[in-house]
Structure formats: structure tokens, C-alpha cells
Amino acid sequence: MTKTSNIIDKVENNIIHTYNRYQIALDEGEGMYLYDVEGKKYLDFGSGIGVFALGYGNKEYNDAVKAQVDKLIHTSNYFYNEPSALASEKFIKASGMTKVFYTNSGAEAVEGALKLAKKYGKMTKGDNCYEIIAMNKSFHGRTIGAVSVTGNEHYRESFEPLLPGVKFADYNNLESVKALISDRTCAVIMETIQGEGGVTPATEEFVKGVRTLCDENNILMIADEIQCGMGRSGYMFAYQRFGILPDIVTSAKALGCGVPIGAFAAGSKVCDVLCAGDHGTTYGGNPLACAASLAVFNLFEKNNLLENVVEVGAYLYKRLDEIKAICPSITDHRGIGFMQGLEYDHPVSGIIQKLLDAGLIVFSAGPNVIRFLPPLIATMKDVDDMINILKEWAIE
Ligand SMILES: *Cc1c(COP(=O)(O)O)cnc(C)c1O
């Protein structure tokens, strides 16, 4: 029995089977590379679904996390802690929001954003103002509130009835949003670049149009930046491409680069809507998670990661366009920065398996799209290495 099959046996016996996993057990990481327990090396263009922005084994990040482990990991939110003071300062400055609430995951950040919006609706327009407009093909997480606003029937149907008053508009179709707005609407929630739904950037017209509709109707605009935020678009947050500010921003994934932490943040108009007793979490904002997030922000600055994403992201765009040009079954190439996708006219699971066998990790986004989410440290050489593997295994 190999080491891998031994691990797979135990996991499949002990852990509830909600994932069809690849038959690989990962063990170590270094820079852009991951190694499985058999010692096989993989070039990583997935970053654990957009999480590990800094590349694996970053010494300064690891040292910051280790130092906090030795000092203090958890206190409860009945006390103050310095890492949360410092990390929140960074988050607010980077996002343009006014105050932040730390959670443990992306879904939990979305829950908090929805609670804030519902309370705001009640306060300003009364008990009937609880409807939320979400987007078809969106993804916001797996908890009941988050799945209620996720525009994918498959993720919702086994758990209905879900949150009442959720309506779905078409992404990048402003008229479809307008048609759903009423005096019962408290919020519009959208990803600035849809991730799971197929790597689709919002158009400038759509983002600015939603912002204006929300202003005109006193509705809160929630930008879910859990995947597209934290530098992936070449901006710290993807809405900054268009110079607008949402009322509420959600973040997670690369926010802690692997140490679980999420956040929802509110702009000046709504940052005091939630009061003492309205919301809470035992772990959220603990010193360990916040020390990790603080290190992430510091290293983004120190290593000029945004500049790297802009420069190498443009190169990735050009090279993926070349792949599209020579592959008749690729129907579209979308995305920006280090969040790009190739859409095929057929499911891509077979290609992804072949790429894994060849030592390249990429994920799909929906059945037909290969999604490229490299760590933000990827170089042009890494892109070339990735493209060489694609040329051999992904042209069909
Ligand atoms: C991953 C993701 C979530 C959910 O985050 P979890 O940490 O898995 O709960 C929510 N929204 C978007 C856009 C995501 O990509």
C-alpha cells in the first residue's frame, strides 16, 4: 500500500464525503511548487483556491505566525489584542472602508454582511425591507445565508426553503437588476469578478450602474471580494478598478494566506449599524489569525505584489490568448491579473486530470472553464513553464 492510498483510505473512512478529491495527498510547499507524499512535484496555478498569495514557505510570514503561536493564540472577544488593532488598520486603509469585523471564513463574512444589510433595511425602511438581489452564477459560500444568495441551483436545491426574499438578476445586465428593485430591497450582493461561476469580470458599466441604483434607492451594495480581492486583479480590491466604493466588502481566502480568517467591512454610512450584542464569534479576530493577516499586508507592500500581478498578469493574458488561438475547442478567454479562465466547448475535468499527471495544478470554475489562480509571486518564467504544460496536454 502506498503512502497516498493509506491516507486516502483513512480520509474516506473518517471524513464526510462532500468532495470528490484528486487522488493526491499534498505534503510540502516551496515557492510556486507543491510536493505530494510520494515526492512528486507540482507547479501550482491554483494557490489552494486563491488562498496562498505569498507562495509557499515564505520565511517572514512563517516567522510571524510562529512568533504569535509562541506568544498567544486566542483570547476571546471579551478582551482587546494588538494584532487585531494593527491588522484592522491595514484592512481599512487598503479597502477604503471605515470599520471591519473579523470572521473565520468567507461564508461567515457573507453572513455578517447580510445581517448588517437586513438590519439597515429594517431601520431605514421598516420590517418589509429584507429582500436581497443576488446574481445568477454567483458563489458566496455554503452556510444557509451564503448559499441562499448563491446563484447556482445545484448548491441550493437540497436545502430549500432557504432565506426568504432573495431574487436573482443576471450578472452584467443592469436592466435585470433594476427590474427587481423595490422598496423591499435592502441590498445587492455581487462579486466584482465572478470566480466559481466561470471567471467573469464585471463590466465597468455594470459596477458603476449598480452603485448608482443603490444610491438612488438607499440600498446597500455588498461587494464579495473573497476571491477577486487581496491583489488578485492587480488592485488590492477589484472594485478599485472602477473607482467606486461599496457599502460593505467581504474578504477571506488570501486575507490570512492559509490561517483561517475572513472579514466583512462597512463604509462610513453603515459602520455603526451593528451594535453590541448584534453579532459575534468565538474565534474571529483572534491574535493568531490577525498576526497572519498583518504579515500578509506587510509582505504585499514589501514584495510589491500588486505590481507583479499587473506585469505578469498581462503576460499571462497574452500567453493564454496564444493557447486559445491554437486550440479550436477553447471558446473564450476571460479574466484579469492573476484570475483568468479558459472556457472550452466541453467539460474540462479530463484535461485537469491530465495536467495534474503532468505536474500542473489548476482548478475548474464550473464544468467547462479552467481557472488560473497562481500565487501572486508567479514570474514570467513560471507562466512559460505552465504554458508549456498546457501546450502539451490542454489542446484538444
Ligand atoms: C470561496 C468564496 C466564498 C466562501 O468562502 P469560504 O471561506 O469557503 O467560506 C465566498 N465568496 C466567494 C466569492 C468565494 O470565492
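What you see is a predicted model; the values in this text were computed from it and never measured.

**Notes on the UniProt feature "binding site: N(2)-acetyl-L-ornithine" (unreviewed entry) in the protein chain**
Sites flagged by UniProt as "binding site: N(2)-acetyl-L-ornithine" (unreviewed entry) map to Arg142 and Thr281. Examined against the element boundaries, Arg142 turns out to sit in the loop between strand 5 (131-135) and helix 6 (144-148). Among residues more than four places away in sequence, those in contact with Arg142 are Ala107, Val147 and Tyr155. Tracing the backbone through its elements, the reader meets Thr281 in the loop between strand 12 (262-266) and helix 10 (287-302). Every residue in contact with Thr281, bar those within four places of it in the chain, is listed here: Asn77, Phe101, Tyr102, Asn104 and Glu108. One polar contact links Thr281 to Asn104, side chain to side chain, over a distance of 3.2 Å.

**Some details on the site of the ligand**
As a structural note, the neighbourhood of the ligand is formed by Ser105, Gly106, Ala107, Phe139, His140, Gly141, Glu191, Asp224, Ile226, Gln227 and Lys253. Within the backbone of Gly106, an N or O atom sits 2.8 Å from an oxygen atom of the ligand. Among the residues making up the shell around the ligand, the classes are represented as 3 nonpolar, 5 polar and 3 charged.

**What to know about the side chain of Asp36**
Among the structural elements, Asp36 can be located in strand 2 (residues 33-36). No salt bridge is formed by the buried Asp36, whose closest oppositely charged neighbour, Lys40, lies at an N-O distance of 6.1 Å. A polar contact is formed between the side chain of Asp36 and the side chain of Tyr42, at a distance of 2.8 Å. Setting aside anything within four residues of it in sequence, one finds Asp36 in contact with Ile24, Ala25, Leu26, Asp27 and Tyr42.

**Observations concerning the environment of Asn77**
Along the chain, Asn77 turns up in the loop between helix 3 (59-71) and helix 4 (82-95). For the pair formed by Asn77 and Ile389, sequence separation is 312 residues and the distance between their alpha carbons is 48 Å. Among the polar contacts listed, one links the side chain of Asn77 to the backbone oxygen of Thr281, at a separation of 2.9 Å.

**So, the packing of aromatic side chains**
Each pair of aromatic rings is reported with the distance of its centres and the angle of its planes. Scanning the model with the defined rule gives 8 aromatic pairs in all. Where Phe91 meets Phe297, the ring centres are 6.3 Å apart and the plane angle is 85°; that geometry is what we call edge-to-face. With a gap of 206 residues between them, Phe91 in helix 4 and Phe297 in helix 10 connect regions that are remote in the sequence. On the basis of an interplanar angle of 15° and a centroid distance of 5.9 Å, the ring pair of Phe237 and Tyr239 is categorised as stacked.

**Points about unusual backbone geometry**
Residue Glu160 is joined to Pro161 through a cis peptide bond whose omega torsion reads 5°. Within the chain, Lys253 stands out as a residue other than glycine whose phi angle is a positive 40°. Within the secondary structure layout, Lys253 lies in the loop between strand 11 (248-251) and strand 12. The backbone of Cys257 shows a phi angle near 50°, a positive value even though the residue is not glycine. Topologically, Cys257 is positioned in the loop between strand 11 and strand 12. Assessed through its relative accessible area of 1%, Cys257 is described here as buried.

**Some details on the UniProt feature "modified residue: N6-(pyridoxal phosphate)lysine" (unreviewed entry) in the protein chain**
The residues that UniProt annotates with the feature "modified residue: N6-(pyridoxal phosphate)lysine" (unreviewed entry) are Lys253. The class for Lys253 is partly exposed, based on a relative accessible area of 21%. Residue contacts for Lys253: discarding those within four places in its chain leaves Ile49, Gly50, Val51, Ile226, Gln227, Gly258 and Ile261.

**Some thoughts on the domain arrangement of the protein chain**
In terms of domain boundaries, the protein chain breaks down into domain 1 (3-57 + 304-394) and domain 2 (72-303). Spacing between the C-alpha centres of domain 1 and domain 2 amounts to 26 Å. Contacts between the two partners involve 28 residues from domain 1, matched on the other side by 28 residues from domain 2. Applying the counting rule to domain 1 against domain 2 returns 1 salt bridge. Arg371 is the salt-bridge partner of Glu196, the closest N and O atoms lying 3.2 Å from each other. Broken down by secondary-structure element, the contributors of at least two residues to the side of domain 1 that touches domain 2 are helix 2 (47-50), helix 11 (305-326), strand 13 (330-336), strand 14 (339-344) and strand 17 (369-372).

**A few points about the state of the cysteines**
Inspection of the entire model under this criterion finds 0 disulfides. A disulfide-free cysteine, Cys228 has its sulfur positioned 16 Å from the sulfur of Cys257, the nearest such atom. Left without a disulfide partner, Cys275 is nearest to the cysteine sulfur of Cys271, which lies 11 Å away.

**Quick notes on the sheet that holds strand 13**
Sheets are built from strands that pair by backbone hydrogen bonding, the pairs being arranged parallel or antiparallel. Taken in spatial order, the 4 strands make up an open sheet running 13-14-17-16, and their pairing is antiparallel. Strands at the two margins of the open sheet, each flanked by one partner only, are strand 13 and strand 16 (363-364). Sheet topology note: the strand 16/strand 17 ladder contains 2 bridges and is antiparallel. Considered in strand 17, the bridge of Ser364 is made with Ile370.

Cut-offs applied
Residues numbered from 1 in each chain as written. Predicted model: local features only at pLDDT ≥ 70, side-chain atom pairs only at ≥ 80, totals over all residues. Heavy atoms only, no water. UniProt positions renumbered as here; feature names shortened; annotations may be inferred. Helix = DSSP H or I, 4+ residues; strand = E, 2+ residues; numbered from the N terminus. Contact = heavy atoms within 4.5 Å. Polar contact = N/O pair within 3.5 Å; in protein donor to acceptor, adjacent residues only side chain to side chain. Near = heavy atom within 4 Å. Nonpolar A, V, L, I, M, F, W, Y, C, P; charged D, E, K, R; others polar. Buried < 20%, exposed > 50% of the residue type's maximum accessible area, 1.4 Å probe, protein only. Lys, Arg positive; Asp, Glu negative; His and termini not counted. Salt bridge = Lys/Arg side-chain N within 4 Å of Asp/Glu carboxyl O. Phe/Tyr/Trp six-rings, centres within 6.5 Å; stacked < 30°, edge-to-face > 60°. Domains from an automatic or database assignment. Disulfide = S-S within 2.5 Å. Pairing = 2+ DSSP bridges.

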